[in-house]
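A closer look at the structure
Listed here are the chains, written in short residue letters.
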Amino acid sequence: MQEVMNHIRTELGHNAVILNSKVINRNGFLGLFKKKTFEVVATIDDDLVDSKKTTYTKVNIDSIPHIKRESSESTVPYKNEDGSSSSKEIMKELHSMKQMLTLDSKYNLYPEILREIHQKLVNIELDKQLIDKLMEYLLNKWRNDSRSAEMTRELLLQLVHSYLHEQVKGLSGNKEQLFKRKYINIVGPTGVGKTTTIAKVAAEYVLKHNKQIAFITTDTYRIAAIEQLKTYAEILKIPVEVAYNSEDFKQAAKRFAHYDYVFIDTAGRNYQNKEFVEDLKSLIDFDIDVETYLVLSATSKENDMDIIYNQFSIIPIKGVIFTKIDETANHGLVLNFIIKHRIPLIYMTNGQDVPDDIIAATVDEIVKVVCGGHLYA
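Described below are features of the structure shown in this document. (Residues numbered from 1 in each chain as written. Predicted model: local features only at pLDDT ≥ 70, side-chain atom pairs only at ≥ 80, totals over all residues. Heavy atoms only, no water.)

When you tally the buried positions in strand E11 (residues 345–349), you get five out of five residues, the bulk of the element. When strand E10 (residues 317–323) meets E11, the two strands line up parallel, connected through three bridges. Residue pairing for E11: Phe 322 is matched across the bridge by Met 348. At this point the chain moves from E10, through helix H11 (residues 332–341), to the parallel E11, and the crossover so formed is right-handed. Pairing between E11 and strand E12 (residues 358–360): three bridges, direction antiparallel. Looking across to E12, one finds that Met 348 is bridged to Ile 359. (Buried < 20%, exposed > 50% of the residue type's maximum accessible area, 1.4 Å probe, protein only. Helix = DSSP H or I, 4+ residues; strand = E, 2+ residues; numbered from the N terminus. Pairing = 2+ DSSP bridges. Right-handed = clockwise from strand over helix to strand, strands pointing away.)

With that out of the way, let us pick up the environment of Ile 317. Along the chain, Ile 317 turns up in strand E10. Each C-alpha atom of the pair Ile 317 and Glu 291 lies 7.3 Å from the other, and the pair is 26 residues apart in sequence. Here Ile 317 is in contact with Thr 292, Leu 294, Tyr 309, Phe 312 and Ile 343, once residues within four sequence places are set aside. (Contact = heavy atoms within 4.5 Å.)

It is worth spelling out the nonpolar core at this point. Core analysis: the largest hydrophobic core is formed by 64 residues, its most contacted members being Leu 164, Phe 322 and Ile 338. For this core, the leading source of residues is helix H4 (residues 128–144), giving seven residues. Those residues within four positions of Ile 338 in sequence are excluded, and the remaining contacts are Val 168, Leu 171, Val 320, Ile 343, Leu 345 and Ile 366. (Core = buried A, V, L, I, M, F, W, Y, C linked by side-chain atoms within 4.5 Å.)

Taken as a whole, this structure holds 10 aromatic pairs when the rule is applied. Ring geometry for Tyr 137 against Tyr 163: centres 5.1 Å apart, planes inclined by 40°, an arrangement best described as tilted. Of this pair, Tyr 137 sits in helix H4 while Tyr 163 sits in helix H5 (residues 153–168), and the two are 26 residues apart along the sequence. On the numbers, 5.6 Å between centres and 90° between planes, the contact of Tyr 309 with Phe 337 is edge-to-face. Of the two residues, Tyr 309 sits in helix H10 (residues 302–311) while Phe 337 sits in helix H11, which places them 28 residues apart along the sequence. The pair formed by Tyr 309 and Phe 337 is uniform in burial state, with each residue classed as buried. An aromatic cluster of three or more residues is present, and its members are Phe 179, Tyr 205, Tyr 261, Phe 263 and Tyr 293. (Phe/Tyr/Trp six-rings, centres within 6.5 Å; stacked < 30°, edge-to-face > 60°.)

Written as structure tokens, this is what we have:
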């Protein structure tokens, strides 16, 4: 194939675009001694090409041992429906084809097993640049391994796992996640499950770490939210205070000063509106020993996640918690987010049950979740 590519560059120059490629097995004797032939279809994408014509070349080259040109270059004029030529339409089509096919053509040259993995990485919505780097890594492993023909899908998936493991280093929590500060402020948009998440984390700290926990809620917009937190507090035998304003918050914080951790539940609002973030900043006393964690849903759109995170940039965000990972199989967005913003992921939740459906986001767990679903299917 490398000889084919060199021949095309010689024939058409570096502006050649690969449209298609395939391997053809020529007939042998009784099914034996078959020869491989590579058939590659290429065209020129050059702004300086003759405005009245474009070039189409089909090259069919024996893989061993000599290069043979089996089809000659031919000129094919582009015709409109009325039969007239249009150079603008030619270039428009070429550029469109280049955008759509350059990457595909690149992966058409890959072994079928790598093309399958590439498609699965696309399916889980992993970032395109990350996919490109990962595929380059896999291809190099394939080329440099003398036993590449024996490389199994399982082995290649292990390489994917190892590569993503390196990307996540420094962006995860730990198995025994213990917060560094007393006041744990939990923020996020409406509907992501903040209150339930707080209850899960609190239950883990009470039952597993034997810590003294208290709740403060500033979510006075929904009566149901206050009642929900009070229900969890009653079950866990945890005190709870409602803060309607900044003075209430300061008083509650002082009242719970002797507790190990105080979890702060905030109102779920449309935080794409920066005004609500400003309200939150004025309500909570960030001068005390507080750290803030952003809760996002794994089912959200990537662009929405970015907007919400940027809106919270006026408040120091220590880490992120992703909920609803059980409601989607496309977990690439989770990885994209923490890598893009260089922010640690500390917990993931995978259901409504308290306290069970929560996962400490270690490196291994993050990669396991991301590589699950479509990738291992």
